[in-house]
Each structure stands twice: as structure tokens, then as C-alpha cells.
Amino acid sequence: MEHFDVLIVGAGLSGIGAAWHLQERAPGRSFVILEGREAIGGTWDLFRYPGVRSDSDMYTLGYSFRPWTEAKAIADGPSILDYVRDTAREAGIDRKIRFRHHVKKAEWSSADARWTVEAERTDTGERVRFSCGWLHMCSGYYDYAEGYDPDFPGRDRFAGRIVHPQFWPEDLDYKGKKVVVIGSGATAVTLVPEMAKDAAHVTMLQRSPTYMVSRPSEDGIANFLRRILPGKLAYDIVRWKNVGLQLFFFQLARKRPDKVRKRLLDELAKLLPEGYDIGTHFTPRYNPWDQRLCLVPDADMFEAVSSGRASIVTDQIESFTETGIRLRSGKELEADIIVTATGLKLQLLSDVVFTVDGEVRDLSKALSYKAMMFGDVPNLSYTFGYTNASWTLKADLTASYLCRLLNHLEKEGLEIAVPRRDPDVEEIPFLDFTSGYVQRAIDILPKQGATQPWRVTQNYAKDMAALRFGKLEDGVMHFSKRAAPASAREAA
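These lines cover the structure that appears in this document, whether it is placed above or below.

Attention now moves to the packing of aromatic side chains. Taken as a whole and judged by the stated rule, the model has 25 aromatic pairs. Relative to Y382, the ring of F374 has its centre 4.7 Å away and its plane inclined at 25°; by these criteria the two rings are stacked. Of the two residues examined, F374 and Y382, each falls in the buried class. Their ring planes at 45° and their centres at 5.5 Å tell us that F384 and W391 sit as a pair that is tilted.

Following this line, the structure appears as C-alpha cells:
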């Protein structure tokens with residue numbers, strides 16, 4: 001059984017970033033990355049649907065340590081995948097990845113101060129075991145093997161093809177076809193204008209609207225600064241500019257939702273045909289940022305609607321038919337292809353079973369410490385990004401804090417770090433978000449506390465202060481060495 005100081009699960013955006021931080025900030029520690037799939041990239045390797053792109057700018061979705069140098073700030077999926085893989089290759093991280101290793105179990109022993117991790121080789125079915133001093137989970141937040149795909153009535157009657165974006169078939173030909181995309185989230189808003197370029201017509205069928213905002217795909221300020229400043233300096237300036245703007249807009253939306261709603265809808269009116277029914281198709285029942293806003297680069301979604309190549313229908317599905325979809329209103333939508341862009345199925349830390357000193361731990365019942373560890377679970381950390389900003393902002397901070405913990409343990413000659421749960425801390429849901437994919441999974445997510453350090457802040461500036469500069473010994477995090485065996489105590 002091989003032993004490593006740190007074992008990382010997942011070779012996506014978070015896992016590669018965590019490995020880079022380990023090499024730079026906690027050098028000398030051995031580590032390995034176990035990846036269940038056969039390639040680097042995680043989300044950006046899995047999703048292959050037409051037009052797949054980021055819904056955050058690459059100056060914040062990119063790593064803090066590696067500037068994004070492409071002209072487009074809102075990047076396409078293949079460009080992001082190249083960026084992650086280039087980062088791994090240039091840092092030599094790709095040589096430390098074990099592909100087709102799907103982690104199934106992790107068992108902690110306080111007597112040994114280590115985790116024993118069992119993985120299944122997806123190519124051979126063999127079970128292999130590793131041990132590590134620290135386990136860091138970068139496995140994302142959703143099920144890679146299964147998307148959220150409602151069982152619509154009459155689904156089997158449809159004579160055409162039904163596709164979920166998470167598993168896009170390479171042989172799907174939609175040229176000249178009538179397409180219905182079910183959904184109103186980021187995936188649907190990406191698919192509709194892209195498919196409308198070749199399809200006969202694309203209809204976005206939504207049960208309820210989503211707030212949408214258009215931004216240029218290129219950041220003019222960023223491209224200008226890159227021409228006159230060193231690359232890293234320009235990148236850092238733009239990164240903080242975008243973080244600041246996002247925080248300002250989010251706080252404004254929480255404090256003055258009516259004002260922000262009016263501003264968003266007024267901007268939409270400028271991009272759609274005169275008299276378009278914005279009230280029905282673009283005005284959600286909730287306040288801005290109660291769910292994530294949909295980013296529309298270069299207004300491509302609105303251009304597709306304005307040109308007549310795409311349309312939006314706001315209604316509910318009664319059933320699928322042989323030729324399309326019958327709606328509650330009695331209207332029928334004809335379709336050759338139906339795309340169910342109905343969302344993700346959330347999953348906490350993949351499907352790993354965690355055991356602490358022989359006791360199986362249900363982490364959905366645990367209290368989250370600084371949104372990256374669990375109360376009373378030693379030497380285990382995880383990456384979970386922001387819901388109101390780029391995932392990588394939080395991933396970078398989490399990896400940096402992990403390195404601080406590891407360096408503190410080494411300096412003090414200690415082996416174990418565990419946040420001790422205060423039974424008096426009030427529990428509240430992990431995410432304050434009304435999106436369907438979050439609400440469906442509320443019972444499988446951990447809990448957060450009403451007070452720090454158990455609170456999930458969704459605020460990059462506050463998290464930077466806490467994770468990059470805050471005290472490690474805060475009265476909640478406890479550090480220790482493994483307990484000496486009985487024979488050693490008797491000899492002493």
C-alpha cells in the first residue's frame with residue numbers, strides 16, 4: 001500500500017489548482033491525485049454540448065497564479081480545458097495523476113493518524129488501497145454519472161431523439177431540424193443560440209424565467225492593460241476589478257432588489273424587439289441573485305430570438321407526444337429533437353463512504369468549518385466554490401489554507417487537525433439559494449452554522465481575510481499528535 005502525505009481526489013480545475021499550491025506553498029510533501037475518469041479536466045472534459053462555455057469571466061475563473069492570456073474573457077469549453085491541462089503539464093502535476101481510479105471508501109485511524117483510501121480501477125475492476133496523512137476532496141459537487149432528468153409523462157411516445165447535455169452524443173445531427181430545449185439555466189441559454197445557427201428553429205421551453213444579463217465576451221480593459229503592463233500585473237488588476245464589481249452588484253441586489261430588477265429588465269428591453277413580452281418570458285418570481293444570473297455573452301441569445309431563429313415559450317409540460325410536446329395551455333410544440341437541459345444532480349464528495357475510527361460518518365449531518373472542513377472529522381478538507389462568483393476564487397483560497405495547516409503541523413511536530421464542533425452553534429442550510437438543483441439536494445449537503453467559523457460567507461474578501469490571513473489556532477481547530485500505543489506508554 002503506497003503512502004502519500006496528501007491524497008487529492010479529482011483532477012479537474014480544483015484538483016490541479018490544489019496540487020500546484022502544494023508544490024509551491026508546502027514543498028517537500030508527497031502527493032498523488034486519484035481521478036476516476038481517463039483525462040484531466042473534470043467538468044470541462046465531461047461536457048461536450050455545442051457552445052459549452054464559462055458563465056464567469058476567466059480573470060476570476062482562472063487560477064490566481066496563472067494569468068489568462070486569451071482575448072475572450074468569457075471562454076469556450078475547449079479553451080478552458082486546454083488552460084487546465086497546460087497548467088498541469090507545465091508544473092509536472094500530470095505525472096502525479098492516477099487515472100481510472102474511482103475512490104469508493106476512506107477510513108480514518110486516529111491511532112495511525114492517517115486515512116486509508118480504497119479506489120476501484122474502472123478499467124480492470126481491481127480494488128487498490130493507498131494511505132495518506134491528509135485527504136483533500138476536489139471531486140466537484142454533482143454526479144458525473146447521472147444528470148437531473150425528470151420523468152416527463154409520455155416520454156416513451158416521442159418518435160424523435162431525447163438528449164441530456166451532460167451526455168451529448170457525438171453523432172447528433174440537428175442541422176435543419178426543429179429543436180426544443182427544456183430549461184432556462186446557463187446550459188439552455190448557451191445551447192439555444194448555438195444550435196439556432198444550424199437548426200430549422202430552436203424553442204427554449206421554460207417553466208419559469210431566469211434573470212439574464214448580457215456582457216461582451218472580451219474585456220476591453222483587460223486587453224488594454226495587457227498591452228501596457230506586465231502580464232501578471234494586468235491579470236491581478238483585472239481580477240480584483242471583476243471581484244469588486246461582482247461583490248458590489250451582489251450586495252446591491254440583496255439590499256435593493258427592486259432597483260436591480262428594474263435595471264436588469266430595462267437593459268433586456270434594449271436587446272429585444274419592441275413590444276416583446278418581457279414580463280412573461282424574462283421576469284422571474286424571485287429577487288435577483290436568489291438564484292444565479294445567466295450570463296449572455298455578446299447578447300447572442302437575444303439576437304437569436306430577435307432574428308426569429310429561436311423563440312421562448314413559458315409554460316408547463318403536460319406530456320410528450322409522438323411529434324413533440326403538449327403544454328398545459330393546450331399548445332403543442334413540434335420537435336425532431338428534445339434537449340432536457342434540466343440541470344445537475346448534486347452529490348456530496350462523490351459517492352465515497354467515510355469512516356472515522358470504525359464509525360461511518362454521514363457528512364450531510366456534519367457542520368461545515370470555513371466551508372472546507374467538517375466538524376469532528378480529522379485531516380479531511382474539500383473544495384466547494386461560490387454560488388455568486390467564480391468557483392476558482394474559493395478553490396484557490398481553500399488550497400492556500402490547506403497549505404497553511406500542513407505547514408503548521410510540520411512546524412509544531414503535530415499530525416492531526418480537527419475542528420471541534422460546538423453543540424450550541426445553530427444549524428442552518430449550507431446554501432442560501434433557491435435554485436432547483438440546490439433545493440433538491442438540501443438534505444444531502446452539510447449544514448453551516450449561524451456564526452463564524454461555521455458560516456458560509458459567499459464573500460471573497462471576507463474569505464481571503466479568514467483563510468489567507470486569519471489565525472489557525474482559533475479555539476475551534478484543535479491540533480495534536482497520534483496517541484501513543486499502550487506498549488509505548490507502559491515503557492515510558
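Next comes the rest of the write-up.
Across the sheet, three strands lie side by side as β13-β14-β15; this open sheet has antiparallel pairing. Looking at which strands have only one partner, the edges of the open sheet turn out to be β13 (317-320) and β15 (332-334). Neighbouring strand axes in the sheet, compared pairwise and without regard to direction, differ in orientation by 20° on average. Strand direction decides the pairing type here: strand β14 (residues 324-327) and β15, joined by three bridges, are antiparallel. Across the sheet, the residue bridging to I325 is L333, located in β15.

Turning to the nonpolar core, a few remarks are in order. If you look at the biggest cluster of nonpolar residues, it comprises 154 residues, and the most contacted ones within it are I16, W115, L135 and F354. It is helix α11 (residues 391-412) that contributes the most residues to this core, eleven residues altogether. Apart from the residues within four sequence positions on either side, F354 is in contact with A106, W115, L135, M137, L349, E359, V360, R361, L363 and L380. By size, the runner-up hydrophobic cluster in this structure holds 13 residues, among which are I182, L205, I325 and I338.

Another aspect to go through is the sheet that holds strand β9 (residues 201-206). Strands sit in the order β7-β16-β8-β9-β12 across an open sheet of five strands; the sheet is parallel. Each edge of the open sheet is held by one strand with a lone partner, namely β7 (161-163) and β12 (310-314). Neighbour-to-neighbour, the strand axes of this sheet turn through a mean angle of 20°, independent of strand direction. When β9 meets β12, the two strands line up parallel, connected through five bridges. Across the sheet, residue M204 finds its bridge partner in β12, namely I312.

Right, let's get into helix α10 (residues 300-307). Those residues of α10 that sit buried are M301, F302, A304 and V305. Looking straight down α10, one finds its buried side chains confined to an arc of 160°; they lie on one side. Just downstream of α10 lies G308, where phi reads positive at about 90°.

Below, the discussion takes up the side chain of S368. Relative to the helices and strands, S368 is located in strand β19 (residues 368-369). Assessed through its relative accessible area of 0%, S368 is described here as buried. Among the polar contacts made by the side chain of S368, one reaches the main-chain amide nitrogen of A371 at a distance of 3.4 Å. A polar contact is formed between the side chain of S368 and the side chain of Y382, at a distance of 2.6 Å.

Within the structure shown, the criterion is met by 36 salt bridges. With its nearest N and O atoms 2.6 Å apart, the salt bridge here joins E334 to K178. Here E334 is found in strand β15, whereas its partner K178 is found in strand β8 (residues 178-182), with 156 residues between them in sequence. Across the pair K270 and E267 runs a salt bridge, and its minimum N-O distance is 3.2 Å. Note that K270 and E267 are positioned in helix α8 (residues 257-271) at a spacing of three residues, about one turn of the helix. On the accessibility criterion, K270 (62% relative accessible area) is exposed. Several salt bridges converge on common partners, so that one network encompasses R37, D45, R48 and R85.

Right, let's talk about the packing of helix α7 (residues 231-255) against helix α13 (residues 460-468) for a bit. It is the contact of α7 with α13, at a shortest axis distance of 10 Å, that shows an interaxial angle of 120°. One finds that α7 runs oblique with respect to α13. Note on element contacts: α13 touches α7 through Y460, A461 and M464, opposite R239, W240, V243 and L247. For the contact of α7 with α13, the per-class residue count stands at six nonpolar, no polar and one charged.

Quick look at unusual backbone geometry now. The phi angle of most residues is negative, glycine excepted, and most peptide bonds adopt the trans form. A cis amide bond, omega 0°, links Q452 with the succeeding residue P453. Take P453: it is sitting in the loop between β24 (447-449) and α13. In this model, W289 sits at a positive phi of 70°, which is unusual for a non-glycine residue. On the secondary structure map, W289 appears in the loop between α9 (278-281) and β11 (294-297). The residue D357 is not glycine, and still its phi comes out positive at about 50°. With respect to the element layout, D357 can be found in the loop between β17 (353-356) and β18 (359-361). A relative accessible area of 46% places D357 in the partly exposed class.

Our next topic: the environment of G275. Along the chain, G275 turns up in the loop between α8 and α9. By relative accessible area, which is 74% here, G275 ends up exposed. Between the C-alpha atom of G275 and that of I33, which follows or precedes it by 242 residues, the distance is 55 Å.

Scoring rules and cut-offs
Residues numbered from 1 in each chain as written. Predicted model: local features only at pLDDT ≥ 70, side-chain atom pairs only at ≥ 80, totals over all residues. Heavy atoms only, no water. Phe/Tyr/Trp six-rings, centres within 6.5 Å; stacked < 30°, edge-to-face > 60°. Buried < 20%, exposed > 50% of the residue type's maximum accessible area, 1.4 Å probe, protein only. Pairing = 2+ DSSP bridges. Helix = DSSP H or I, 4+ residues; strand = E, 2+ residues; numbered from the N terminus. Axes fitted to C-alpha atoms, helices over the stretch in contact; angles between N-to-C directions. Core = buried A, V, L, I, M, F, W, Y, C linked by side-chain atoms within 4.5 Å. Contact = heavy atoms within 4.5 Å. Arc of directions from axis to C-beta. Polar contact = N/O pair within 3.5 Å; in protein donor to acceptor, adjacent residues only side chain to side chain. Salt bridge = Lys/Arg side-chain N within 4 Å of Asp/Glu carboxyl O. Parallel < 35°, antiparallel > 145°, perpendicular 65-115°, else oblique. Nonpolar A, V, L, I, M, F, W, Y, C, P; charged D, E, K, R; others polar.

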